[in-house]
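Observations on chain architecture
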Amino acid sequence: MFWKFDLHTTSHIDQLLDREDVTLRELMEEDDVLQECKAQNRRLLLFLSQDHCMQELVRLITTEPPADLEERSRFKFPNIACELLTSDVSIINDKLGADDSLLEVLYHFLEQDPPLNPLLASFFSKTIGNLIARKTEQVITFLKKKEGFIGLVLKHIDASAMMDLLLRLISCVEPAPLRQEVLHWLNEEKLVQRLTELIHTGKDEERQSNASQTLCDIIRLSRDQANQMQENMEADPLLAVLESQESVAGLLKNMFEGERSEASIVNGTQVLLTLLETRRSGLEGLMDLYSQGYERSYTVSSSILNAIEPHIKDFQQLLLDPPKKSAILTTVGVLEQPLGNARLHVARLVAALLQTSALSICQELCNLSTMDLLLDLFFKYSWNNFLHFQVELCVAAILNHPSSEERPNPALQNHDGNPAASDPEPQGEAMETGRTSDPQTSIHNALVAHLFQKCQLVQRILDAWEENDKIQGEGGTRRGNMGHLTRIANMVVQNLEKGPVQSQITDLIKELPEDCRGRWESFVDETLRETNRRNTVELVSTHNMHSSSEDDDMESPFPNDLSLQQAFSDYQIQQMTANFVDQFGFNDEEFSEHDENINQCHI
């Protein structure tokens with residue numbers, strides 16, 4: 001039987017510890033040192049927690065290794081040291097958190113001149129972050145005594161590990177009263193204002209990007225925590241500052257002050273987009289949509305919109321005159337004037353602003369003919385599907401705005417309970433096309449009229465479709481924006497059949513020139529219907545399957561397709577470089593014929 005044999009094996013680490021002259025380096029050379037540490041090998045832990053060993057471990061993660069070492073082994077011991085210090089073993093946490101001399105050595109790492117070694121910065125951040133979570137009071141007390149701590153962290157913000165450290169301070173401090181104390185400390189240190197100042201034309205692009213990402217993460221973390229707070233809990237001071245009109249106005253001033261740069265425009269706009277989020281963006285937002293629908297949502301503060309409104313004309317100017325970019329070679333030819341990341345982010349911002357249904361914002365976009373300009377770009381950059389999707393969202397927001405019975409109180413509330421700016425009186429085109437005395441309905445009706453009259457949406461759809469048919473008839477490639485154009489055309493048809501602006505769109509179609517109206521009717525009855533039929537992929541044979549009336553009436557448990565696409569599009573854009581935006585483009589073959597590859601793409 002197997003128990004007749006002595007299968008117990010003594011760890012080689014225990015054998016080393018039997019020696020009186022064993023060194024820390026010898027133990028760190030052992031492959032199972034981390035495993036034994038996490039397994040609470042008492043002899044090993046007592047050895048590691050000795051003063052000289054702890055000093056050596058901290059020194060390893062904060063000191064640049066000799067340059068003459070072989071590159072692949074140069075950071076071997078610093079890495080192992082970091083893993084030992086963050087192994088979440090009580091005796092090591094207690095020793096490190098309670099010894100000010102060790103904390104001083106750690107802190108001295110920040111006092112170096114930039115740039116920090118990125119690997120050592122990650123080791124430092126991970127170690128301090130673990131202490132913030134495990135020895136919270138001791139570490140927070142130590143850091144608060146250091147007057148220049150926040151300044152040093154921001155000095156090294158070009159290292160992404162410093163972003164992680166700041167977010168640890170915001171999200172990993174427990175219990176709630178201590179977390180609130182930390183938030184007030186960070187607010188007194190003007191953390192939000194100092195991060196905002198880094199998003200400026202004159203600053204290094206990496207620092208701008210990391211500052212922007214930190215602000216975005218603070219907004220999302222703070223809103224998530226606010227949703228989980230009890231009603232009597234104090235509001236998050238950092239979030240209050242971020243959502244204040246003064247703070248947003250300061251960010252916009254930095255973005256447009258002096259010579260414009262794509263980096264400051266893009267990074268600043270990312271913060272604005274996060275402030276305008278009514279749900280989590282990217283992959284987390286996608287998961288929220290599947291699991292919770294729209295239950296997890298946030299309210300856009302009126303102060304944010306009030307600060308953005310005066311600068312809509314500046315964003316409009318960016319669409320007309322973006323930061324200069326060199327021509328690039330793409331798989332579909334040379335692009336002399338790339339769209340650029342700045343203009344793509346402006347399109348994202350316009351889509352987000354339209355979805356707020358804020359009166360003054362909608363009126364300003366209408367007066368500036370912003371949608372007309374975005375549609376020009378939609379057809380000019382026929383291979384940039386990231387742009388196409390944002391324009392589609394804009395059209396959807398205009399056509400599907402809630403009726404007066406469905407929409408919330410137009411006076412959006414901010415954290416102080418103050419209502420939004422008073423509803424503006426409809427002006428210009430809004431006055432001419434308004435069909436009701438309700439200002440909100442009037443302005444939205446003006447936007448719809450603007451889309452069909454000034455922007456000539458129907459004529460553009462017809463012309464683009466005919467041009468694409470001609471290109472394909474001559475053996476050319478199907479235009480890359482045809483899939484989104486199909487969806488926009490279907491959106492118009494659906495709103496002709498039902499929806500909050502059904503009667504208005506019907507009247508606007510009737511007002512089209514007779515030849516254009518005839519082309520549209522023929523297009524809807526024949527071309528679009530046939531395209532939709534071909535695009536319907538029958539996954540299984542259904543000739544013997546019959547749905548019950550209950551099934552027909554049952555609402556889908558999943559969110560609508562456009563919301564899912566928006567969440568996924570946000571996630572994709574977050575992962576992209578600026579150059580990638582310019583060069584990348586899908587050919588929407590998911591809308592093509594049966595005999596073509598549905599997932600084919602052209603890059």
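Since this is a predicted model, take the numbers as computed values, not measurements.

About the criteria used
Residues numbered from 1 in each chain as written. Predicted model: local features only at pLDDT ≥ 70, side-chain atom pairs only at ≥ 80, totals over all residues. Heavy atoms only, no water. Helix = DSSP H or I, 4+ residues; strand = E, 2+ residues; numbered from the N terminus. Polar contact = N/O pair within 3.5 Å; in protein donor to acceptor, adjacent residues only side chain to side chain. Contact = heavy atoms within 4.5 Å. Salt bridge = Lys/Arg side-chain N within 4 Å of Asp/Glu carboxyl O. Buried < 20%, exposed > 50% of the residue type's maximum accessible area, 1.4 Å probe, protein only. Expected span 1.5 Å × (residues − 1). Axes fitted to C-alpha atoms, helices over the stretch in contact; angles between N-to-C directions. Left-handed = near helix turned anticlockwise from the far one by under 90°. Nonpolar A, V, L, I, M, F, W, Y, C, P; charged D, E, K, R; others polar. pLDDT = per-residue confidence, 0-100. 1 Å grid on protein atoms, 1.4 Å probe; cavity = no way out; pocket = protein on both sides within 12 Å on 5 of 7 lines; lining within 4 Å. Points joined across faces, edges and corners; volume = space filled by probe spheres on them.

1. With respect to the side chain of Asn130
Structurally, Asn130 can be placed in helix H10 (residues 118-134). A polar side-chain atom of Asn130 sits 3.1 Å from a polar atom in the side chain of Asn93. Here Asn130 is in contact with Leu85, Thr86, Asp88 and Asn93, once residues within four sequence places are set aside.

2. Remarks on the pattern of salt bridges
Any two side chains of opposite charge can pair if their charged atoms end up close together. Scanning all chains against the criterion turns up 30 salt bridges. Measuring nitrogen to oxygen at the nearest pair gives 3.3 Å for the salt bridge that ties Glu262 to Lys325. Taken together, the residues Glu262 in helix H19 (residues 262-275) and Lys325 in the loop between helix H22 (312-320) and strand S1 (328-330) connect sequence positions 63 residues apart. Residue classification places Glu262 among the buried residues on the basis of a relative accessible area of 15%. A relative accessible area of 29% means that Lys325 is categorised as partly exposed. For Arg519, the salt bridge is made with Asp463, and the minimal N-O distance between the two is 2.9 Å.

3. What about helix H5 (residues 51-62)?
Between its first and last C-alpha atoms H5 spans 17 Å; for twelve residues at 1.5 Å apiece the expected length is 16 Å, and the two agree. All of the buried residues in H5 are Cys53, Met54, Glu56, Leu57, Val58, Leu60, Ile61 and Thr62. Buried-residue contacts for H5 involve helix H2 (24-28), helix H4 (42-48), helix H7 (76-85), helix H8 (90-98), helix H9 (100-108) and H10.

4. Considering the packing of helix H25 (residues 370-380) against helix H26 (residues 385-399)
Contact pair H25 / H26: the axes reach a minimum separation of 10 Å and the direction vectors enclose 145°. The crossing of H25 and H26 is left-handed. Contacts from Met371, Leu374, Leu375, Leu377 and Phe378 in H25 reach Leu387, His388, Val391, Cys394, Val395 and Ile398 in H26. Grouping the constituent residues of the contact of H25 with H26 by class yields ten nonpolar, one polar and no charged.

5. So, the confidence of the model for the chain
Averaged over the chain, the pLDDT score is 82; the fraction of residues at 70 or greater is 78%. Every residue in residues 404-435 is under pLDDT 50, and counting partners more than four places away or in other chains gives 60 contacts.

6. Remarks on helix H29 (residues 457-473)
When the terminal C-alpha atoms of H29 are compared, their 24 Å separation across 17 residues agrees well with the 24 Å that a helix rising 1.5 Å per residue should span. Among all positions in H29, only Leu457, Val458, Gln459, Arg460, Ile461, Leu462, Ala464, Trp465 and Asn468 are buried. Contacts from the buried residues of H29 go to H25, H26, helix H28 (439-452), helix H30 (482-497), helix H31 (502-510) and helix H32 (514-535). Just downstream of H29, Gly475 is the residue with a positive phi angle, here 90°.

7. Details of empty space enclosed by the protein
Throughout the structure, instances matching the rule amount to five cavities of 30 Å³ or more. One number sums up the size of the second largest cavity: a volume of about 50 Å³. Looking at the second largest cavity, the residues that line it are Ile312, Phe315, Gln316, Leu349, Val350, Leu353, Leu365 and Thr370. Counting only elements with at least two residues in the lining of the second largest cavity, the list comes to H22 and helix H23 (340-356). Broken down by class, the residue content of the lining of the second largest cavity amounts to six nonpolar, two polar and no charged.

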